[in-house]
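Coordinates in review
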Amino acid sequence: MKISTKGRYGLTIMIELAKHYGEGPKSLKSIAQTHNLSEHYLEQLIAPLRNAGLVKSVRGAYGGYVLSKDPQEITSGDVIRVLEGPITPVEGIEDEEPVKRQLWIRIRDAVKDVLDNTTLMDLANYKETGEINSYMYYI
């Protein structure tokens, strides 16, 4: 499964809104500037997120967007499904031979588990540990 820029930038929007949850609306312009992204592209992504009920728009001079629920109640899976569609590693799982079908189902379920158990609050509160790769070996 490959997540496109739609899913990646959509998560960027949602993480920014989670970081500022309770502080009032945040404009797409400020998010675009902070992350060096196209404001026009973010405007295209916010519509399906609003239609899905994940964000609300606030009109006016100091308007923007806010999360419709607490960041602890919205998962990364919610966002990815809205922007990318169903989570599946391959098309036509049902047509595969049983041994491969079982592998694809296990992969799908593992990805779903990670996405559905990672909330926006988790992502907004992430702190880098400085550990690049725990499997690095030195000889």
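Structure report, in brief.

1. Details of the overall build of the protein chain
Scanning the protein chain from N- to C-terminus turns up 6 helices and 2 strands. Overall size of the protein chain, expressed as C-alpha extent along the three principal axes, is 60 × 45 × 25 Å. Burial statistics for the protein chain: of 139 residues in total, 28% are counted as buried. Look at the contacts in the protein chain between residues 6 or more apart in sequence, and 66% of them connect residues 24 or more apart. Roughly 9,300 Å² of accessible area belongs to the protein chain as shown, and the carbon and sulfur atoms make up 50% of that amount. Counting 17 positive and 19 negative side-chain charges, the protein chain places the averaged centre of each group 4 Å from the other.

2. Describing helix α2 (residues 28-35)
Residues of α2 that are buried include every one of Leu-28, Ile-31 and Ala-32, and no others. Buried residues along α2 cover an arc of 100° about the axis, so they all sit on one side. Exposed residues on α2 whose side chains face more than 90 degrees from its buried face are Gln-33 and Thr-34. Looking at the buried positions of α2, the neighbouring elements they touch are α1 (5-19), α3 (39-51) and β2 (64-67). Positioned one or two residues after α2, Asn-36 has a phi angle of 55°, which is positive.

3. Structural notes on the packing of α1 against helix α4 (residues 76-84)
In the contact formed by α1 and α4, the axes pass within 9 Å of each other and the chain directions differ by 135°. Overall, the two elements α1 and α4 adopt an arrangement that is oblique. Between α1 and α4 the crossing geometry is right-handed. When α1 is examined against α4, the residues Lys-6, Gly-7, Gly-10, Leu-11 and Met-14 are found in contact with a partner set consisting of Ser-76, Val-79, Ile-80, Leu-83 and Glu-84. Counted by class, the contact of α1 with α4 contains 5 nonpolar, 3 polar and 2 charged residues.

4. Thoughts on the side chain of Glu-16
By the element assignment, Glu-16 lies in helix α1. With residues up to four places along the chain from it excluded, the contact list for Glu-16 reads Lys-26, Ile-31 and His-35.

5. Concerning the pairing of β2
Judged from the 4 bridges that link them, strand β1 (residues 55-58) and β2 form a sheet pairing that is antiparallel. Bridge assignment links Val-58 to a residue of β2, and that residue is Gly-64. Between β1 and β2, which pair antiparallel in sequence order, lie 5 residues; one of them, Gly-60, sits at a positive phi of approximately 115°.

Thresholds applied
- Residues numbered from 1 in each chain as written.
- Predicted model: local features only at pLDDT ≥ 70, side-chain atom pairs only at ≥ 80, totals over all residues.
- Heavy atoms only, no water.
- Helix = DSSP H or I, 4+ residues; strand = E, 2+ residues; numbered from the N terminus.
- Buried < 20%, exposed > 50% of the residue type's maximum accessible area, 1.4 Å probe, protein only.
- Contact = heavy atoms within 4.5 Å.
- Areas by Shrake-Rupley, 256 points an atom, 1.4 Å probe, with all protein chains shown as cover.
- Lys, Arg positive; Asp, Glu negative; His and termini not counted.
- Charge placed at Lys NZ, Arg CZ, Asp CG, Glu CD.
- Arc of directions from axis to C-beta.
- Axes fitted to C-alpha atoms, helices over the stretch in contact; angles between N-to-C directions.
- Parallel < 35°, antiparallel > 145°, perpendicular 65-115°, else oblique.
- Left-handed = near helix turned anticlockwise from the far one by under 90°.
- Nonpolar A, V, L, I, M, F, W, Y, C, P; charged D, E, K, R; others polar.
- Pairing = 2+ DSSP bridges.

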